[in-house]
Every structure is written in C-alpha cells, then in structure tokens.
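# Results of the structural survey
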Amino acid sequence: MQIKTILLTGANGEIGRGLITHLSDLADVRIIALDLHAIEEPLRSRCYRTATGDILDAGLLESLSAAYDFDSIYHLAALLSTKSERQPTLAHRVNVDGTLNLLEMAMGQSRLQGREIKFLYPSSIAVYGLPSLEIKAAAGAVPEDSHLKPRTMYGINKLYCEELGRYYSSYYRQLDAQPPKGRVDFRGLRFPGLISAATVPTGGTSDFAPEILHHAAQKEPYACFVREDTRIPFMAMPDAIKALLELEAAPRENLTRQVYNIGAFNPSAGEVVSIVHAAFPAVETSFSPDLRRQSIVDSWPQDVDDRAARSDWGWKASYDLNRAFSEYLIPGVVRRYRQPRAS
Ligand code: SER
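Within each chain, residues carry numbers counting from 1 in the order of the written sequence. Where local features are concerned, this predicted model is filtered to residues with pLDDT of at least 70; where side-chain atom pairs are given and counted, the filter is 80 or more; whole-chain, interface and lining totals use all residues. Just so you know, side-chain values use all the structure's heavy atoms and leave hydrogens and water out.

### A word on the overall build of the protein chain
- Broken down by element type, the protein chain carries 12 helices and 13 strands.
- Expected size for 343 residues packed as a compact globule is a radius of gyration near 20 Å; at 20 Å, the protein chain falls within 12% of this value.
- Long-range pairs, those at least 24 residues apart, make up 77% of the contacts in the protein chain between residues at least 6 apart in sequence.
- All accessible areas in this document rest on Shrake-Rupley with a 1.4 Å probe, and a residue is counted as covered only by the protein chains that are shown. When the accessible surface of the protein chain is totalled, it reaches about 15,100 Å², and 50% of it is carbon and sulfur.
- Neither His nor the chain termini are counted; the positive set is Lys and Arg, and the negative set is Asp and Glu. Each charge is placed at NZ for Lys, CZ for Arg, CG for Asp and CD for Glu. Averaged over its 38 positive side-chain charges, the protein chain has a centre that lies 2 Å from the centre of its 41 negative ones. Helix and strand labels come from DSSP, where a helix needs a run of H or I of at least four residues and a strand needs a run of E of at least two; each type is numbered from the N terminus. Using C-alpha atoms as the atom set, the radius of gyration is obtained and then compared with a globule rule of 2.2 Å times the number of residues to the power 0.38. The criterion used for residue contact is that any of the two residues' heavy atoms lie within 4.5 Å.

Spelled out as structure tokens, the structure:
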C-alpha cells in the first residue's frame, strides 16, 4: 500500500482537529501535525509526528521538509477576523508570511521529489466586501469573482494568499531561462462560518452562531453580538472536512478554478436562536449588537454561488440547516457537555 504523508498546520484549530480525526482513520495516511501549541492526547496519538512551533520559523519548516516527503499540505494555521483586527500586523505576519513560507516549502519539496505537491488552503467568505445592506440583499448568492473588496485584515490576507497560490501554481519565477522544475497544485476553498459540535471557535466574527449553540447547551445565557436579522452562510464541520478531502481527491483536469465557493445553509441569527431554543427551551439568548463586529458581518455575503464546485468536483453539502442541527449539532453538544472533556 502506498502511504501518503500529509503536513497539517494549525493542527489544534477547529478544522485541524476534525481533519486529524478523520484522516487518521484511513490506513494509508500518516499525519505530520504542526501547531504553535503542543498537540495533546487524544489527538497526538492519531498523528505520526507532532511538532510544536511557529510557521514563521523557517528553521523548523526546513527541518520538517528535510525529514519527510509530503504528498499534500493542508495549511490551516491562521488568525481569524476578529483577532486579526485587534492585532493587524501579527495577522499579516501569520496569515501572509506564514502562507508564503509554506508555499516556498511546497515548491522546494516539489523540486526535490520531482512531482507536484498538493496545497489545500482554507480561504473564507471574508474575502468579500459588500458595501451596504441594500447591495448585500440585492447580490444574493455571490459568485467567486464579484465583490472582492474585503474590509478586514483577515479577508485581505486570505484574498492575497489565494493570489499567491495562483502565482505558485502557474507563474512562479516566470522570467527564469529554464522553467522551474517544481509545481505547487494549489486548491482553495472559501469556507462559510463553520459550526462544530466538538469545539468553539476563537477569534472569528462568525462565532456568534456556534456561541449561541454552545452557550445554550451549557445552560448559560448568551448575548448575541449581531442583530437578529443578520444572515451569512454557515456549514457544519463534517461538511467542511468532506469538502477539503473531496477537493484534494478531485482530478486536476476537472478543476476550472484555483479557489471555490462552497455553500450549505444560511440562516439568520434569529433563526439559529429559534432552532437552538427548540432544543434547549430554558435558556436565555438576547441580541446585543456590537456595531463594529456587526459591520464586518454585514459586509459578508448572505449566500454564496457554489455552482463551480458542484459541477467541477461534485460538491454537495450533506447537512442542510435542519439536518445539521437535528442530527449533528444538537446531539453532539448534548453528548459533549454531558461528558466534559478538553475542547
Ligand atoms: N469564520 C471566519 C471568521 O469569523 C470567517 O471565515 O473570521
């Protein structure tokens, strides 16, 4: 059996945890997991090797690259949008310089191994910037190439890194007399807000939906930081993992784009509260908009047009709104808080 070696950055993050749990069940995969903080059990024993360190540490990346031949890199490490507004220069370093380091590493690996290295990149609906609520409502499901005027450091970082990915795939060192030997096969997904039953995100601006759910499950009151009518796309975590794995597996010749929108459901904040309250009726959720965070969410589309992902690699979410809550999120949080464990 051919064993695939996968480098995963941001391993302790929400997507990283889900991806490790899924990939480690496959017999033909070994995971090299990197995170700024030590990767604890039970995740640790699911990895072939874990490394603690910074994606800005070129020496660390070099030593990993010298030790392993990677087939694919899942570069998940990032500072999310709210955190990035609080520390914009740190965000730029981690989100942009960190990604550049990983792309260079992928190119170096490709040269040495004499084959393409797949680079899976989670981008975000934060790359969009709708100038007003009227234009947001009129725009409906936004296609990949419209309204690319992000307002946040995070969105700007993600959009720029999508372009860096295109450069490393198609134009790297284009003036060299001999075309460079390596090639990075960059594949990006623009994720909606993600909701997991197992973890609560930190530092994002779409965090209000998972926070409504996780507070209710713990019987804690919650003041939602956006208006009741706020509407952006969301997705259940298993679908986010599925999308990454399906995009990685898609035959290259079927892909017409470097970066794809993917959609699942797009409830208003009020609808999320209603669904959650139906399961946890005793709990109190109020709306107390933080006008600054609200204006970020208002600049994100209310829906995304994911026709390219559907036709190129067969994207279809398994969880619509009802199924996400009734079969995954509600039972998942009930189990999670019945048996407390590290998030
Ligand atoms: N979930 C991200 C954030 O809120 C957006 O992709 O920053």
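### Structural notes on the pairing of strand E4 (residues 72-75)
- Burial classes: relative accessible area under 20% of the type maximum marks a residue as buried, over 50% as exposed, and values in between as partly exposed (1.4 Å probe, protein chains only). The alternating pattern of E4 places Ser72 and Tyr74 on one face and Ile73 and His75 on the opposite face, and all of these are buried.
- At least two bridges found by DSSP between two strands is the condition for calling them paired. Of the pairings in the sheet, the one linking strand E1 (residues 4-9) to E4 comprises four bridges and is parallel in character. Of the residues in E4, the one forming a bridge with Leu8 is Tyr74.
- The sheet contact formed by E4 and strand E5 (residues 117-124) spans three bridges and is parallel.

### Observations regarding the nonpolar core
- Counting 79 residues, the largest nonpolar core has Phe208 and Trp313 as its most contacted members.
- For Trp313, the residues in contact, after removing those within four places along its chain, are Leu189, Ala243, Glu246, Leu247, Ala250, Leu255, Tyr260, Ile262 and Ala308.
- If you look at the next biggest cluster of nonpolar residues, it comprises 31 residues, including Leu7, Leu79, Leu103 and Tyr172. To form a nonpolar core, buried Ala, Val, Leu, Ile, Met, Phe, Trp, Tyr and Cys residues must be joined to one another through side-chain atoms within 4.5 Å.

### Focus: the layout of surface pockets
- In this structure, the largest pocket encloses a volume near 1,200 Å³.
- Along the wall of the largest pocket there are 47 residues; nearest its centre are Gly13, Glu14, Ala78, Leu80 and Thr202.
- Only helix H1 (14-23), strand E2 (29-35), helix H3 (81-86), helix H4 (88-113), E5, helix H6 (153-170) and strand E8 (193-195) provide two or more residues apiece to the lining of the largest pocket.
- Broken down by element, the lining of the largest pocket gets its largest block of residues, four residues, from H1. Buriedness for pockets is judged along seven lines, at least five of which must meet protein on both sides within 12 Å for an open set on the 1 Å grid over protein atoms alone, while cavities are sets there where a 1.4 Å probe fits but cannot get out, and lining residues have an atom within 4 Å of a point. Grid points are joined across faces, edges and corners, and a volume is the space filled by probe spheres set on the points.

### Details of the packing of helix H7 (residues 208-217) against helix H12 (residues 321-338)
- Note on geometry: axes are C-alpha line fits, over the in-contact stretch for helices, and angles between N-to-C directions span 0 to 180 degrees. Where H7 meets H12, the closest approach of the two axes is 9 Å, and the angle between their N-to-C directions is 45 degrees. By the criterion of interaxial angle, the relationship of H7 to H12 is oblique. When you trace H7 past H12, the crossing you get is right-handed. The segment H7 lies against H12, with Leu213, His214 and Ala217 engaging Phe325, Leu329, Ile330, Val333, Arg336 and Tyr337.
- When residues are sorted by character, Ala, Val, Leu, Ile, Met, Phe, Trp, Tyr, Cys and Pro go into the nonpolar class, Asp, Glu, Lys and Arg into the charged class, and all the rest, Gly among them, into the polar class. In the contact of H7 with H12, the residues fall into seven nonpolar, one polar and one charged. Every angle not falling under 35 degrees, over 145, or within 65 to 115 is termed oblique; those three ranges are roughly parallel, roughly antiparallel and roughly perpendicular. The hand of a helix crossing depends on one turn: near helix anticlockwise from the far one by less than a right angle means left-handed, and clockwise means right-handed.

### Considering helix H10 (residues 291-298)
- All of the buried residues in H10 are Arg293, Gln294, Ile296, Val297 and Asp298.
- Each element contacted by the buried residues of H10 is listed here: H3, helix H5 (133-139) and H7.
- Think of a polar contact as two N or O atoms within 3.5 Å of one another; within protein, one of them needs to be a possible hydrogen donor and the other a possible acceptor, and neighboring residues in sequence only count if both atoms come from side chains. The N-capping residue of H10, defined by a side-chain oxygen 3.0 Å from the backbone nitrogen of Arg292, is Asp290.

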